[in-house]
Amino acid sequence: MRRLTALLAGLLFGIGLLLAGMSNPAKVLGFLDLAGAWDPSLALVMAGAIAVALLPFSWAKRRQRSLLDVPMQLPQKRELDGRLIGGSLLFGIGWGIAGICPGPALTLLLGGYWQSLLFVLALLGGMGLFSALERRRAR
Amino acid sequence: MHIDWASFTPWTALSGGALIGLSASLFVVLNGRVAGISGLLGSLLQRGGDGRDEKALFLLGLLAAPLLWGLFDTLPEVEFQTGGIGLTLAGLLVGLGTRYGSGCTSGHGVCGIARLSPRSLVATLAFMASGFATVFVLRHLWGG
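Per an unreviewed UniProt entry, chain B carries the name Sulphur transport domain-containing protein and comes from Azotobacter beijerinckii. We quote the UniProt Subcellular location (unreviewed entry) comment for chain B here in full: "Cell inner membrane". According to its UniProt record, chain B has this under Sequence similarities (unreviewed entry): "Belongs to the TsuA/YedE (TC 9.B.102) family."

Under an unreviewed UniProt entry, chain A has the name Sulphur transport domain-containing protein and belongs to Azotobacter beijerinckii.

Below is the structure:
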């Protein structure tokens, strides 16, 4: 059952991205271009998503286990540190260069575009680099 | 700044966003997990951790969504505006940055803000600000 709901949630997420226009890098860059011809659509994507998710998440925060009886796995970190801010700034630079964030990168992957294949390979490379740097730090 | 009304798509943006919010809600209420794409992907790249099958199936659903959509309608337009070098650099920065920052647009921007996490609010403000700044530099300073 948990596998089925995970698959359905993933499908729904992808359909949402496609409908919202998030899977079109040109539209995402149109939103990030405040000084040019600005397309505010993506602010509404986020607003719509947060509005729907607000109550379910406040319910989830008060629960120890989910409706399918697995432990709630919400992030426990609290600190506002350099890793959080520096990492997010780096992510934003990458997002601003190509107009692609991780979700749309995956919905674009099977579309047969060389660009999305290259982007996802580089994304996995960046995540691999993070793991390698973390291992070095731990030594 | 002037608004590009011809490109503005409020209803599909809101309804697409609502579906994303519904998906994130189902995933947390039923599976007890945050639908953060970079976090799910990153944890599958590392060894161990629980619920690997659920994480993989969520991402599989994301990959398969355009195939399902394609059964009913033509897929929305896709236009890349970046060449190979730019895409490679962007992918590396997105991969590295989302792992250091513990999340991306979905994990921080949607799920994190929906659960009123100060960390996620700060992260979202940071990546929005650097996204706006990067496009400004590339389009209006460098390219202009």
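Caption draft 1: Geometry of the layout of surface pockets. In this structure, the largest pocket occupies an estimated 940 Å³ of space. Lining the largest pocket are 35 residues, and of these A:Gln73, A:Leu74, A:Pro75, B:Val34 and B:Ser102 lie nearest its centre. Listing elements by their share of the lining of the largest pocket, those giving two or more residues are helix H3 (41-61) of chain A together with helix H2 (37-45), helix H4 (84-100), helix H5 (105-114) and helix H6 (118-142) of chain B. Here the element with the most residues in the lining of the largest pocket is H2(B); it accounts for 5 residues. Grouping the amino acids of the lining of the largest pocket by side-chain chemistry returns 12 nonpolar, 13 polar and 10 charged. Taken as a whole, the second largest pocket spans an internal volume of roughly 150 Å³.

Caption draft 2: Representation of the side chain of B:Ser120. Position of B:Ser120 among the secondary structure elements: in helix H6. With near-sequence residues (within four places) excluded, B:Ser120 lies in contact with B:Gly107, B:His108, B:Gly112, B:Ile113 and B:Arg115.

Caption draft 3: Broad picture of the nonpolar core. Counting 62 residues, the largest nonpolar core has A:Phe13, A:Phe57, A:Trp95, A:Phe119, B:Ile37, B:Phe58 and B:Leu59 as its most contacted members. Considering every element that reaches this core, the biggest residue donor is H3(A), with 8 residues. Once residues lying within four places of it in the same chain are set aside, the contact partners of A:Phe13 are B:Ile20, B:Ser23, B:Ala35, B:Ile37, B:Phe58, B:Leu62 and B:Ser106. Counting 5 residues, the second-largest nonpolar core is a separate cluster that includes A:Leu11, A:Ile15, A:Leu18 and B:Trp69.

Caption draft 4: Spatial organisation of the interface of chain A and chain B. Facing 103 residues of chain A, the contacting portion of chain B comprises 109 residues. Between chain A and chain B, the buried area comes to about 9900 Å², and carbon and sulfur atoms account for 76% of it. On the surface where chain A and chain B come into contact, there are 4 salt bridges. One salt bridge connects A:Asp81 with B:Arg119, and the closest N-O pair in it is separated by 3.9 Å. Where the side of chain A that touches chain B is concerned, the elements lending two or more residues are helix H1 (2-20), helix H2 (25-32), strand S1 (37-38), H3, helix H4 (82-98), helix H5 (102-109) and helix H6 (114-138) of chain A.

Caption draft 5: Layout of the packing of aromatic side chains. As enumerated under the stated definition, the model contains 10 aromatic pairs over all chains in all. A centroid spacing of 5.4 Å and a plane angle of 65 degrees characterise the contact between A:Tyr113 and B:Phe80, whose relative ring orientation is edge-to-face. Note that A:Tyr113 is positioned in the loop between H5 and H6 and B:Phe80 in the loop between helix H3 (52-72) and H4, a pairing that runs across two chains. A residue is classified by how much of its surface remains accessible, and A:Tyr113, at 29% relative accessible area, is partly exposed.

Caption draft 6: Up close: H6(A). Between its first and last C-alpha atoms H6(A) spans 36 Å; for 25 residues at 1.5 Å apiece the expected length is 36 Å, and the two agree. Among the residues of H6(A), A:Gln115, A:Ser116, A:Phe119, A:Val120, A:Ala122, A:Leu123, A:Gly126, A:Met127, A:Phe130 and A:Ser131 are the ones counted as buried. Residues of H6(A) that are buried in the fold lie against H4 and H5 of chain A together with H2 and H4 of chain B.

Caption draft 7: H4(B), seen in detail. With 17 residues, H4(B) extends 24 Å between its outermost C-alpha atoms, agreeing within 8% with the 24 Å of an ideal straight helix rising 1.5 Å per residue. Along H4(B), 12 of the 17 residues are buried, which leaves the element largely enclosed by surrounding structure. Inspection of H4(B) places B:Gly86, B:Leu87, B:Ala90, B:Gly91, B:Leu93, B:Val94, B:Gly95, B:Leu96, B:Gly97, B:Thr98, B:Arg99 and B:Tyr100 among the buried residues, and these make up the whole buried set. Contacts from the buried residues of H4(B) go to H4, H5 and H6 of chain A together with H2 of chain B. At the exit of H4(B) stands B:Ser102, carrying a positive phi of roughly 55 degrees.

The rules we used
Residues numbered from 1 in each chain as written. Chains lettered and ligands numbered in written order. Predicted model: local features only at pLDDT ≥ 70, side-chain atom pairs only at ≥ 80, totals over all residues. Heavy atoms only, no water. UniProt positions renumbered as here; feature names shortened; annotations may be inferred. 1 Å grid on protein atoms, 1.4 Å probe; cavity = no way out; pocket = protein on both sides within 12 Å on 5 of 7 lines; lining within 4 Å. Points joined across faces, edges and corners; volume = space filled by probe spheres on them. Helix = DSSP H or I, 4+ residues; strand = E, 2+ residues; numbered from the N terminus. Nonpolar A, V, L, I, M, F, W, Y, C, P; charged D, E, K, R; others polar. Contact = heavy atoms within 4.5 Å. Core = buried A, V, L, I, M, F, W, Y, C linked by side-chain atoms within 4.5 Å. Buried < 20%, exposed > 50% of the residue type's maximum accessible area, 1.4 Å probe, protein only. Buried area = accessible area lost by both parts, 1.4 Å probe. Salt bridge = Lys/Arg side-chain N within 4 Å of Asp/Glu carboxyl O. Phe/Tyr/Trp six-rings, centres within 6.5 Å; stacked < 30°, edge-to-face > 60°. Expected span 1.5 Å × (residues − 1).

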